[in-house]
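So the chains spell out like this:
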Protein chains: 2
Amino acid sequence: MASSALVVIGNEILSGKIIDTNTPFLISELRSLGVQLAEIAVVPDEVPRIAEAVSRVAARNQSVFTSGGVGPTHDDVTMEGIAAAFSVPVIRHPRLEALLRGYYEQQSIPLAERNLRMADVPQGAELIDGPDLRWPVVQMQNVFILPGIPEIFRRKFAAIRERFRDAPFVLRKVYVRCEEGPIGDPLEDIARRFPQVAIGSYPRMQPAEDGHRVLLTLEGKDAQVVQAAVDELLKIIAPHVVTTS
Amino acid sequence: MASSALVVIGNEILSGKIIDTNTPFLISELRSLGVQLAEIAVVPDEVPRIAEAVSRVAARNQSVFTSGGVGPTHDDVTMEGIAAAFSVPVIRHPRLEALLRGYYEQQSIPLAERNLRMADVPQGAELIDGPDLRWPVVQMQNVFILPGIPEIFRRKFAAIRERFRDAPFVLRKVYVRCEEGPIGDPLEDIARRFPQVAIGSYPRMQPAEDGHRVLLTLEGKDAQVVQAAVDELLKIIAPHVVTTS
């Protein structure tokens, strides 16, 4: 199954100055695309930490998304961090530089030398254009480098999202009225017999209005296999079940 | 400065089935305690991934909090993961077992053998009691193991929070009307001259009502040093400043 990772970069997230809305957005998007988000790392604006996280997750996931740290100021060090992860230098990309110069000229804004930092990318990075994008998405191998500002994060992700689409997840839910103890053994048994089905068990503090105390989720990519796991589970735990969906 | 890390454990977070409210809560709590949250990892319910994340962050932070994966079902493997991180076995804790047996007896609920999994902890773990806690907090070296259910996560954190209190953060804000390019060099200069002050620069897509396009934050533990950094910065960028706070 295609798996993915997210690396969020920014002291402002860790210190609570800015609430991270890109993570919930990406969780939801990847979900609807049928892509398994396997791990998330939130790291500060420090080159070694970014490099460590990116190299770790890029090696074991098909795709990696990064959020943040791509502006022109001293705390924008994502490009350096990703370059370090792949042991390449940061270079100034000629096409990005031309785009930046053209934009500042067109807007009649004086171009600070520092603004050209926005044209710096890890050596070997590619640019992905999109119809709604002023600036292309920068891709370094399997890492897609997105900015932290939520509007632009979303716009850039929208431009690349279809390339990640995979078979949809099939999710079944079983609500039970007992607590987790009595259903633990059956769940473990079903989990062993259906390795393709991910089984979750989520207890509540208080029973819900319909009387359920635990939500069980059974999920996979093959609807028939998921259904078979649900059927087998219900055979064993039927007396405890409130409802299914 | 005291630094801390958070490891969130759970497929339900990564798949978007449950929205993680423990992370924003802990960000806010640590902030108000003067503790720097240095990194966050969100990992699936898999022993090797939990072990990897916990051993990595426990080695370089004073304290680590984990959220989730501590119930009695097959997908609750946090204790095994943390034990693996410290290369110790999981053992059944006699006092936790006695507490569990007492609780089930008192409630006249039959105790499933599996419920006793809630008494399993990494060898060497200690228990922290609190006046509002039915179940103690489990501490393994510098790792504080908290459950995923938000109400219990909060109650358990409340019982231990004061032991982490450190000098408060001093945060100053400067709002500027230009974009990031023209202030980048002064910021970098101030950041170099005041290494104890963390300086952030957060641009907006559109100017705010008061005309500011960028929020600058200057932050540290020493109010005088932070004020000196603000004063020096204002000397250089005064023409761009909308307001400060």
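One numbering rule holds for all chains: residues counted from 1, following each sequence as written. All chains are assigned letters beginning at A, and all ligands numbers beginning at 1, according to the order in which they are written. For a predicted model such as this one, the threshold for reporting local features is a pLDDT of at least 70, and the threshold for listing and counting side-chain atom pairs is 80 or more; totals across whole chains, interfaces and linings nevertheless cover every residue. Just so you know, side-chain values use all the structure's heavy atoms and leave hydrogens and water out.

Points about the domain arrangement of chain A
Alright, step 1. Residue ranges assigned to the domains are those given by an automatic or database domain assignment. One can read the domain layout of chain A as domain 1 (3–164) and domain 2 (170–244).
Alright, step 2. Just the C-alpha atoms count here: the centres of domain 1 of chain A and domain 2 of chain A sit 39 Å apart.

Looking at the relation of the copies chain A and chain B
Alright, step 1. You can overlay chain A on chain B at an RMSD of 0.0 Å; the transform is a turn of 180° with a shift of 0.0 Å along its axis. Such a combination of rotation and displacement between the chain copies is what one expects of a two-fold axis. Minimal C-alpha separation from the rotation axis in chain A is found for A:A41, amounting to 2.3 Å.
Alright, step 2. In this assembly the copies share their binding face: 100% of the residues contributing to the interface of chain A also contribute to that of chain B. C-alpha atoms of residues with pLDDT of at least 70 in both copies form the basis for the least-squares superposition of the copies. Contacts were defined at the residue level, with two residues in contact if any of their heavy atoms lie within 4.5 Å.

As for the packing of aromatic side chains
Alright, step 1. Stacked, edge-to-face and tilted are the three classes for Phe, Tyr and Trp ring pairs, Trp counted by its six-membered ring, which pair at centre distances within 6.5 Å; planes under 30 degrees apart are stacked, over 60 edge-to-face, the rest tilted. This model, assessed by the stated rule, comprises 18 aromatic pairs over all chains.
Alright, step 2. Their ring planes at 70° and their centres at 5.5 Å tell us that A:F65 and A:F157 sit as a pair that is edge-to-face. Of this pair, A:F65 sits in strand β3 (residues 63–67) while A:F157 sits in helix α6 (residues 150–160); the two residues are 92 residues apart in sequence, bridging distant segments of the chain. With respect to class, A:F65 is no different from A:F157; both count as buried.
Alright, step 3. Consider the rings of B:F65 and B:F164, whose centres lie 5.0 Å apart with planes at 75°: the pair is edge-to-face. Note that B:F65 is positioned in strand β3 (residues 63–67) and B:F164 in the loop between α6 (150–160) and β9 (170–176), a separation of 99 residues in sequence. Here a helix means four or more residues in a row that DSSP labels H or I, a strand means two or more in a row labelled E, and each is numbered from the N terminus. Any residue under 20% of the maximum accessible area for its type is buried, any over 50% is exposed, and the rest in between are partly exposed; the area is computed with a 1.4 Å probe on protein chains only.

Remarks on the side chain of A:E29
Residues and elements named next belong to chain A.
Alright, step 1. With respect to the secondary-structure elements, E29 resides in helix α2 (residues 22–33).
Alright, step 2. Looking at E29, the relative accessible area reads 16%, which means it is buried.
Alright, step 3. Ignoring any residue separated from it by four or fewer positions in sequence, one finds E29 in contact with F157 and R161.

Focus on the environment of B:A41
Alright, step 1. Relative to the elements of secondary structure, B:A41 occurs in strand β2 (residues 36–43).
Alright, step 2. When its relative accessible area of 5% is taken as the criterion, B:A41 is described as buried.
Alright, step 3. Placed 151 residues apart in sequence, B:A41 and B:R192 show a C-alpha to C-alpha distance of 29 Å.
Alright, step 4. Contacts of B:A41, omitting those with residues within four sequence positions, involve A:I40, B:L6, B:V7, B:V8, B:A53 and B:R56.

Let's talk about the environment of A:I9
Residue and element names in this part refer to chain A.
Alright, step 1. In this fold, I9 is placed in strand β1 (residues 3–9).
Alright, step 2. Here the alpha-carbon distance between I9 and A53, two residues 44 residues apart in the chain, equals 10.0 Å.
Alright, step 3. Beyond its immediate chain neighbours, meaning those up to four positions away, I9 contacts V43, P44, D45, I50, T66, S67, G68, G69 and T78.

Comments concerning the interface of chain A and chain B
Alright, step 1. Across the contact, 52 residues belong to chain A and 53 residues belong to chain B.
Alright, step 2. Put simply, buried area is the surface a 1.4 Å probe can reach on two separate parts but cannot reach once they are joined, added for both. Here chain A and chain B share an interface that buries about 4,300 Å² over both sides, 56% of which is from carbon and sulfur atoms.
Alright, step 3. When the buried area of chain A at its contact with chain B is split by residue, A:H74, A:R114 and A:M205 rank highest and sum to 15% of it.
Alright, step 4. Think of a salt bridge as a Lys or Arg side-chain nitrogen and an Asp or Glu carboxyl oxygen that are within 4 Å of each other. The tally of links between chain A and chain B comes to 10 salt bridges.
Alright, step 5. With a closest N to O distance of 2.7 Å, B:R60 and A:E52 form a salt bridge.
Alright, step 6. A 3.5 Å cut-off defines polar contacts: any pair of N or O atoms within that distance qualifies, except that in protein one atom must be a possible hydrogen donor and the other a possible acceptor, and neighbouring residues in sequence count only when both atoms are side-chain atoms. Between the two partners, chain A and chain B, sit 20 residue pairs in polar contact (both at pLDDT 80 or more).
Alright, step 7. Elements supplying a minimum of two residues to the side of chain A that touches chain B: α1 (11–14), α2, β2 (36–43), α3 (47–60), α6, α7 (180–193), β10 (198–203) and β11 (214–220) of chain A.
Alright, step 8. Here the side of chain A that touches chain B takes eight residues from α7(A), the largest share from any one element.
Alright, step 9. Of the residues assigned to the side of chain A that touches chain B, the class counts are 23 nonpolar, 11 polar and 18 charged.
Alright, step 10. Between any two strands, at least two bridges found by DSSP are needed for them to pair. Summarising the sheet, β2(A) and β2(B) pair through three bridges and their orientation is antiparallel. Counted as the bridge partner of A:A41 is B:A41 from β2(B). Just so you know the grouping, Ala, Val, Leu, Ile, Met, Phe, Trp, Tyr, Cys and Pro go in nonpolar, Asp, Glu, Lys and Arg go in charged, and all remaining residues, Gly too, go in polar.

A closer look at empty space enclosed by the protein
Alright, step 1. In this analysis a 1.4 Å probe is tested at points of a 1 Å grid over the protein atoms alone, and where it fits but cannot get out there is a cavity; an open set with protein on both sides within 12 Å along at least five of seven lines is a pocket; lining residues have an atom within 4 Å of a point. Grid points are joined across faces, edges and corners, and a volume is the space filled by probe spheres set on the points. Here the structure, examined in full by the defined rule, presents two cavities of 30 Å³ or more.
Alright, step 2. If you add up the space inside the largest cavity, you get close to 70 Å³.
Alright, step 3. Lining the largest cavity we find 13 residues, and of these A:V43, A:R56, B:E39, B:R56 and B:R60 sit closest to its centre.
Alright, step 4. Within the residue set of the lining of the largest cavity, elements represented by two or more residues are β2 and α3 of chain A together with β2 and α3 (47–60) of chain B.
Alright, step 5. Of all elements in the fold, only β2 and α3 of chain A together with β2 and α3 of chain B reach the threshold of two or more residues within the lining of the second largest cavity.

Quick look at the side chain of B:T23
All names here are of chain B.
Alright, step 1. Examined against the element boundaries, T23 turns out to sit in helix α2 (residues 22–33).
Alright, step 2. With a relative accessible area of 10%, T23 lands in the buried category.
Alright, step 3. A polar contact is formed between the side chain of T23 and the side chain of D20, at a distance of 2.4 Å.
Alright, step 4. With sequence-adjacent residues up to four places away left out, T23 is seen in contact with L6, V8 and I40.

What to know about the packing of α3(B) against helix α4 (residues 78–85) of chain B
Residue and element names in this part refer to chain B.
Alright, step 1. As a packed pair, α3 and α4 sit with axes 7 Å apart at the nearest point and diverge in direction by 50°. Taken together, the axes of α3 and α4 lie oblique to each other. For the pair α3 and α4, the crossing hand works out as right-handed. Along its contact with α3, which presents V47, I50, A51, V54 and S55, the element α4 presents T78, E80, G81, I82, A84 and A85.
Alright, step 2. Tallied by class, the residues present in the contact of α3 with α4 amount to seven nonpolar, three polar and one charged. An axis is simply a line fitted to the C-alpha atoms; with a helix, the fit covers only the stretch in contact. Between two such axes, the angle follows the N-to-C directions and lies from 0 to 180 degrees. In this scheme, roughly parallel covers angles under 35 degrees and roughly antiparallel covers those over 145, while 65 to 115 is roughly perpendicular and the rest are oblique. By convention the crossing between two helices is left-handed if the near helix lies anticlockwise of the far one by an angle smaller than a right angle, and right-handed if it lies clockwise.

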